[in-house]
Amino acid sequence: MNKKEVAHIRKQFKLDNDLMNIYDILNVYIMKETKEIYHWERHPFELVDREKQELYMGNFKKLLTGELDHKLFELKFQKDAEDPSQVLLHQALLTGDPEEWQDLMLLLVEKMMAETNYERDTVVTFVRGQYYRPTKARNEEAEETGKDEVFGHPFILCSVNSTEKQRKALLFDYVEREYKYNIIVDPIIKLSTPEQGFFYPSVTDNYSDVNRILYCTGKSNDPNQYFIEQVLNAERNMTALEERAIFEDIVREVAGEQLDATTIGMVYEEIHQIIETNQEEEEPPKLDYKDLEQVLTVSGVENVTAEKVERAFETIIDDRNYELKANSVMPKFTSKSIKINTKVATISVSPQDLKYVKQVNYQGRRCIMIEVDEDAVIEGFTLATENL
């Protein structure tokens, strides 16, 4: 699944969209103290109040918002799982009976509650529906348009949302002209900040892939391992943060602990160029040990060989054939995504500007030197330039 496919699906979650039909919605309320289902209800989505529909649509779009391998993870199902959720989900996807779908989703909720301690009361929302993808682009001059010929993709979406108690407040009653104490005790369901969920089935080359599922987490680089492995029975993927740490360990193993900022910047520029060159490809670019050997060599790292990089892959990740996702190992190239931490200050620079940064020895002291084109300003004061 790539970001274009995710973006297309996310865009469909809006009201009055003829490329999206949501058939049923199921809400399940779980009590934190007992870890039991306190209440559940299922309704045809079209019979839900329009104001509620808008809240749910916002929740679903928020769930599907984020970068792949950061907040969204396409996962394969485990092959040897007992009572696999893939079978349950596939059965729920195919059934046309709302009650059977509801019962299957309640079975999934039971798996969610098995060994999980909830900090707050939790609401699990399921919807089933179908979105449509045009088979060709819209052509205004043709008699038929792209919407005349579409493929239907049935899906199930799950959103897990915590609740919070309403704050105590003092209210003013305009009619009675008096101040009143707010005594509302009904919890608020935090639809604007879903904690986790999933979209099934995933998509590969614009076709539904029932062997994969898109897991979504509310916190970047913090997937819920229990939910992935025990509830969905899927195989956990590495986060972008974990892959970046592996990349850094491999580079240190090959190039040593110390590199100048210019060389680091050139490494990132080479990887950025690979990403830009492969933008139109369906699959995001990956780096094996041969690719990384070439990147380090071109960037000016000395004494680099394919064999040395291959051994580093074997040492760090125990897999010489592992491929690192280029997007995962790269900080944001055009934003100040790199932090230079010192006791005196923390400096933020973009990867493309690392070439202007140097650590130098001045009169026996280490100093960070940054080349600038303009006067530096501190609290409105222009810094005087000193000649060293």
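Residues numbered from 1 in each chain as written. Predicted model: local features only at pLDDT ≥ 70, side-chain atom pairs only at ≥ 80, totals over all residues. Heavy atoms only, no water.

So, about a negative patch on the surface. A surface patch of negative charge is lined by Asp205, Glu280, Glu281, Glu282 and Glu283. Structurally, aspartate 205 is set in the loop between β10 (202-204) and β11 (207-209). Take aspartate 205: its relative accessible area is 44%, and that puts it in the partly exposed class. (Patch = residues over 30% accessible without salt bridge, like charges linked within 9 Å, V, L, I, M, F, W, Y side chains within 5 Å. Areas by Shrake-Rupley, 256 points an atom, 1.4 Å probe, with all protein chains shown as cover. Salt bridge = Lys/Arg side-chain N within 4 Å of Asp/Glu carboxyl O. Lys, Arg positive; Asp, Glu negative; His and termini not counted. Charge placed at Lys NZ, Arg CZ, Asp CG, Glu CD. Helix = DSSP H or I, 4+ residues; strand = E, 2+ residues; numbered from the N terminus. Buried < 20%, exposed > 50% of the residue type's maximum accessible area, 1.4 Å probe, protein only.)

Residues Lys32, Arg120, Lys165 and Lys219 make up a contiguous surface patch of positive charge. Tracing the chain through its elements places lysine 32 in the loop between β1 (20-31) and β2 (36-44).

Moving on to the packing of helix α6 (residues 240-255) against helix α9 (residues 306-317). At a closest axis distance of 9 Å, the pairing of α6 and α9 adopts a crossing angle of 130°. As judged from the angle between their axes, α6 and α9 are oblique. Handedness of the α6/α9 crossing: right-handed. Here Ile246, Asp249, Ile250, Glu253 and Val254 of α6 lie close against α9, whose contacting residues are Lys308, Val309, Ala312, Phe313, Thr315, Ile316 and Ile317. For the contact of α6 with α9, the per-class residue count stands at eight nonpolar, one polar and three charged. (Axes fitted to C-alpha atoms, helices over the stretch in contact; angles between N-to-C directions. Parallel < 35°, antiparallel > 145°, perpendicular 65-115°, else oblique. Left-handed = near helix turned anticlockwise from the far one by under 90°. Contact = heavy atoms within 4.5 Å. Nonpolar A, V, L, I, M, F, W, Y, C, P; charged D, E, K, R; others polar.)

Turning to a nonpolar patch on the surface, a few remarks are in order. On the surface, a cluster of nonpolar side chains totalling about 830 Å² of accessible area is made up of Leu170, Phe172, Tyr174, Val175, Tyr179 and Tyr181. Where the nonpolar patch is concerned, the elements lending two or more residues are β6 (170-173) and β7 (178-181). Within the element layout of this structure, tyrosine 174 appears in the loop between β6 and β7.

One turn of an α-helix holds 3.6 residues; hence residues three or four places apart share an orientation. Looking only at helix α1 (residues 3-12), the buried set comprises Glu5, Val6, His8, Ile9 and Gln12. Looking straight down α1, one finds its buried side chains confined to an arc of 160°; they lie on one side. Exposed side chains of α1 directed beyond 90 degrees from the buried face belong to Lys3, Lys4 and Lys11. Where α1 is buried, its residues touch β1, β3 (72-76), β4 (122-134), β9 (196-200), β10 and β12 (212-217). Measuring from the backbone nitrogen of lysine 4 back to the side-chain oxygen at the start of α1 gives 3.1 Å, which picks out asparagine 2 as the cap. (Arc of directions from axis to C-beta. Polar contact = N/O pair within 3.5 Å; in protein donor to acceptor, adjacent residues only side chain to side chain.)

For the rest of this paragraph, the subject is the domain arrangement of the protein. Its domain assignment divides the protein into domain 1 (3-162 + 189-235), domain 2 (241-329) and domain 3 (338-382). When each unit is reduced to the centre of its C-alpha atoms, the spacing between domain 1 and domain 3 is 46 Å. (Domains from an automatic or database assignment.)

It is at 9 Å that the axes of helix α3 (residues 85-94) and helix α4 (residues 98-113) come closest, and there the two elements cross at 155°. Taken together, the axis directions place α3 and α4 in an arrangement best described as roughly antiparallel. In this structure, the crossing between α3 and α4 has a hand that is left-handed. Seen from α3, the contacting residues are Ser85, Leu88, Leu89, Gln91 and Ala92; seen from α4, they are Glu100, Trp101, Leu104, Met105, Leu107, Leu108 and Lys111.

So, on to the pattern of salt bridges. Here the structure, examined in full by the defined rule, presents ten salt bridges. As a salt-bridge pair, aspartate 16 and arginine 50 come within 2.7 Å of each other at their nearest N and O atoms. Of this pair, aspartate 16 sits in the loop between α1 and β1 while arginine 50 is found in helix α2 (residues 50-63), placing the two residues 34 residues apart along the sequence. With a relative accessible area of 41%, arginine 50 lands in the partly exposed category. For the salt bridge of arginine 320 with glutamate 310, the shortest nitrogen-to-oxygen distance reads 2.3 Å. Of the two residues, arginine 320 is situated in the loop between α9 and β14 (324-325) and glutamate 310 in helix α9; the sequence distance between them amounts to ten residues. One salt-bridge network, held together by shared partners, links Asp173, Glu178 and Lys180.

This paragraph deals with the pairing of β9. Of all five residues in β9, five are buried, a share of seventy percent or more. The side-chain alternation of β9 yields two buried faces, one formed by Gln196, Phe198 and Tyr200 and the other by Gly197 and Phe199. Pairing analysis gives four bridges linking β9 to β12, with the strands arranged antiparallel. In the sheet register, phenylalanine 199 faces β12, and the bridge partner there is leucine 214. (Pairing = 2+ DSSP bridges.)

Moving on to the nonpolar core. The tendency in soluble globular proteins is for nonpolar side chains to be buried side by side. One finds Met105, Met112, Phe126 and Phe198 to be the most contacted residues of the largest nonpolar core, which totals 33 residues. By residue number, the principal contributor to this core is α4, which donates eight residues. In this structure phenylalanine 126 touches Asp24, Ile25, Leu26, Trp101, Met105, Leu108, Val109, Met112, Leu157, Cys158 and Phe198, once residues within four positions along its chain are discounted. Of all hydrophobic cores here, the second largest spans 32 residues; its members include Ala261, Phe313, Ile340 and Val349. (Core = buried A, V, L, I, M, F, W, Y, C linked by side-chain atoms within 4.5 Å.)

What follows covers the packing of aromatic side chains. According to the stated counting rule, one finds twelve aromatic pairs in the structure shown. With centroids separated by 6.3 Å and ring planes inclined at 50°, the aromatic side chains of tyrosine 131 and phenylalanine 199 adopt a geometry described as tilted. You can see tyrosine 131 sitting in strand β4 and its partner phenylalanine 199 sitting in strand β9, a full 68 residues away along the chain. Note on tyrosine 131: relative accessible area 2%, which makes it buried. (Phe/Tyr/Trp six-rings, centres within 6.5 Å; stacked < 30°, edge-to-face > 60°.)

The subject of this paragraph is the environment of methionine 113. By secondary structure assignment, the location of methionine 113 is in helix α4. Its relative accessible area of 11% is what places methionine 113 among the buried residues. Distance from methionine 113 to isoleucine 37, taken between C-alpha atoms, is 9.0 Å for residues 76 residues apart in sequence. Leaving out residues up to four positions away in the same chain, methionine 113 has contacts with Ile30, Lys35, Glu36, Ile37 and Tyr118.

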